[in-house]
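# Structural description and commentary
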Amino acid sequence: MKPDENGDEMTRSILVTGGAGYVGSHTVAALLQRQQEHQDFDIVVVDDLTNAVREPGQKKPEALRIIEELTKKTIHFYEVDIRDAAGLSRIFESHSIECVIHFAALKAVGESVQKPLEYYQANISGTCTLFDVMRKYGVYKLVYSSSCTVYGEPEYLPLNEGHPTGKGLTSPYGKSKYFCEEIMKDICRSDTKWMIISLRYFNPVGAHRSGRIGEDPAGIPNNLMPFIAQVAVGRLNELQVFGNDYNTVDGTGVRDYIHVEDLAEGHVKAVKLFSQPGFSGFHAVNLGTGTGYSVLQMIAAFEAASGRKIPYKIVARRAGDIAANYADVSLSHRLLGWRATRTLDDMCRDTWRWQSNNPNGFKRS
């Protein structure tokens, strides 16, 4: 550990980029709630607030402020874009960073087709800048927020980590995640000090058990579950279902949905791997449940959980979408000692608790 300005040793820290966002904030909560296991670590969050709400007069975004209330712990927060090398360097100077959990990215598949340059700038340039600053300060441990989109159109199901990546990718978002993984493989080959765990998410849904933090997308939601929830609470009139002519159980797209708290716990498990003797290099791991549900099945499950009817309209397929994907999760069981435990009913119930308690999301009015 490095000394502070008084010559005392700084407390070791975990840096979480994009930690005020949906998955990032739930992971911060999981780290703090399990701080008995990480009692000698501070949590440092950097976020540019692209996808987060900060109320007037508050120093921290709402998600982090609420987490501090729930956990009675302090979060160190910096409003910095990860493409800002000088801003990142100031954070590394101020804290003894031991490892990084990297969420900061643009993440909407459909939007990335319309705004490819913005996605490549944020997701690839930002990640390279982060790696450069990490190397400058001798920090070589990283948990990366990746995606099942790196697999492209599935050649077989369920998708395991041996499935080819980068072939037939259908969106700039998926390409950006694939390119970043290739960069990580290269830097791990170039220097054995690097330890990188790339967690390939399937479809995060749900909300914190308290009902006080959840997914709060800016504008019209790009993902299914928050769209359903906003229709149920009356913020939106109806759900658009993008295509009903896929080769699936009912013609609508099938996805592997995972509760965000299960996903957050997967990150906690990944951080623990860094302390295992001999652990090094690049490792990709799926985080999902291993079960796929169609859009219409998700609507029915949410109607049951909320007691609300979800009106929907079938529209044309969305650019970049595929028919189905779901995970082979056996590696996560073996390597991380992790498995998803929450059910589809849990996902829908917790989403509805969050949305019904917070009809306007984190905005108070």
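What comes next is a walk through the structure.

What counts, and at which threshold
- Residues numbered from 1 in each chain as written.
- Predicted model: local features only at pLDDT ≥ 70, side-chain atom pairs only at ≥ 80, totals over all residues.
- Heavy atoms only, no water.
- Axes fitted to C-alpha atoms, helices over the stretch in contact; angles between N-to-C directions.
- Helix = DSSP H or I, 4+ residues; strand = E, 2+ residues; numbered from the N terminus.
- Parallel < 35°, antiparallel > 145°, perpendicular 65-115°, else oblique.
- Left-handed = near helix turned anticlockwise from the far one by under 90°.
- Contact = heavy atoms within 4.5 Å.
- Nonpolar A, V, L, I, M, F, W, Y, C, P; charged D, E, K, R; others polar.
- Pairing = 2+ DSSP bridges.
- Core = buried A, V, L, I, M, F, W, Y, C linked by side-chain atoms within 4.5 Å.
- Buried < 20%, exposed > 50% of the residue type's maximum accessible area, 1.4 Å probe, protein only.
- Phe/Tyr/Trp six-rings, centres within 6.5 Å; stacked < 30°, edge-to-face > 60°.
- Lys NZ or Arg CZ within 6 Å of the ring centre and 35° of its normal.
- Expected span 1.5 Å × (residues − 1).

Bringing the packing of helix H7 (residues 224-233) against helix H11 (residues 344-357) into the picture now. Here H7 crosses H11 at 55°, and the two axes come no closer than 10 Å. Classified by the angle between their axes, H7 and H11 sit oblique to one another. Handedness of the H7/H11 crossing: right-handed. On the side of H7, the interface is formed by Met225, Pro226, Ala229, Gln230, Ala232 and Val233, while H11 contributes Met347, Cys348, Thr351, Trp352, Gln355 and Ser356. Each residue belonging to the contact of H7 with H11 can be placed in one class, and the counts come to eight nonpolar, four polar and no charged.

Further remarks concern the sheet that holds strand E14 (residues 324-325). Read across the open sheet, the three strands follow the order E12-E9-E14; overall the sheet is mixed. For this open sheet the edge positions go to strand E12 (293-294) and E14, each flanked by a neighbour on one side alone. Here two bridges tie strand E9 (residues 254-255) to E12, and the two strands are oriented antiparallel to one another. Looking across to E12, one finds that arginine 255 is bridged to tyrosine 293.

Attention shifts here to the nonpolar core. In this structure, Ile14, Val28 and Leu199 are the most contacted members of the largest nonpolar core, which totals 49 residues. For leucine 199, the contacting residues outside a window of four places in its chain are Val143, Tyr144, Ser145, Ser146, Ser147, Gly266, His267, Ala270, Val285, Leu287 and Leu336. With 26 residues, the next largest nonpolar core counts Val80, Ile82, Leu142 and Cys180 among its residues.

What follows covers the side chain of histidine 26. Along the polypeptide, histidine 26 turns up in helix H1 (residues 22-33). Histidine 26 sits in the buried class, given a relative accessible area of 2%. When residues no more than four places from it in sequence are discounted, the contact partners of histidine 26 are Ala207, His208, Ile213, Gly214, Val260, Glu261 and Ala264.

Before going further, it helps to examine the packing of aromatic side chains. Under the counting rule described, the total for this entry stands at eight aromatic pairs. Plain terms: the ring middles of phenylalanine 274 and phenylalanine 279 are 6.2 Å apart, the flat faces sit at 65° to each other, and that makes the pair edge-to-face. Taken together, a centroid distance of 6.0 Å and an interplanar angle of 85° make the contact between phenylalanine 302 and tryptophan 352 edge-to-face. Taken together, the residues span a long stretch of sequence, with phenylalanine 302 in helix H9 (residues 295-306) and tryptophan 352 in helix H11 at a distance of 50 residues. Of the residues examined, tryptophan 352 reaches a relative accessible area of 12% and is grouped as buried. Ring pairing ties together the aromatic residues Tyr120, Tyr178 and Phe179, which thus form one cluster. Looking at lysine 193, its charged tip hangs above the ring of tyrosine 140, at a distance of 5.1 Å from the centre. For arginine 317, the ring lying beneath its charged end belongs to tyrosine 246, and the centroid distance is 4.0 Å.

Compared with an ideal rise of 1.5 Å per residue, which puts 19 residues at 27 Å, helix H6 (residues 172-190) spans 27 Å between its outermost C-alpha atoms and is within 8% of the ideal. Within H6, burial applies to Pro172, Tyr173, Gly174, Ser176, Lys177, Tyr178, Cys180, Glu181, Met184, Ile187 and Cys188. Residues of H6 that are buried make contact with helix H4 (109-114), helix H5 (116-136), strand E5 (141-147), strand E6 (195-201) and strand E11 (281-287).

Pairing is parallel in the open sheet, where seven strands are placed in the order E3-E2-E1-E4-E5-E6-E11. Whereas interior strands pair on both sides, the edge strands pair on one side only; in this sheet they are strand E3 (75-78) and E11. With direction set aside, neighbouring strand axes in the sheet form an average angle of 20°. By the bridge criterion, six bridges tie strand E1 (residues 12-17) to strand E4 (residues 96-102) in an arrangement that is parallel. Looking at the pairing, arginine 12 lines up with serine 96 of E4. Together, E1, E4 and E5 form the strand contacts of H5, whose direction differs from that of E5 by roughly 170°. Running over the sheet, H6 touches E5, E6 and E11 and is turned about 155° from E5.

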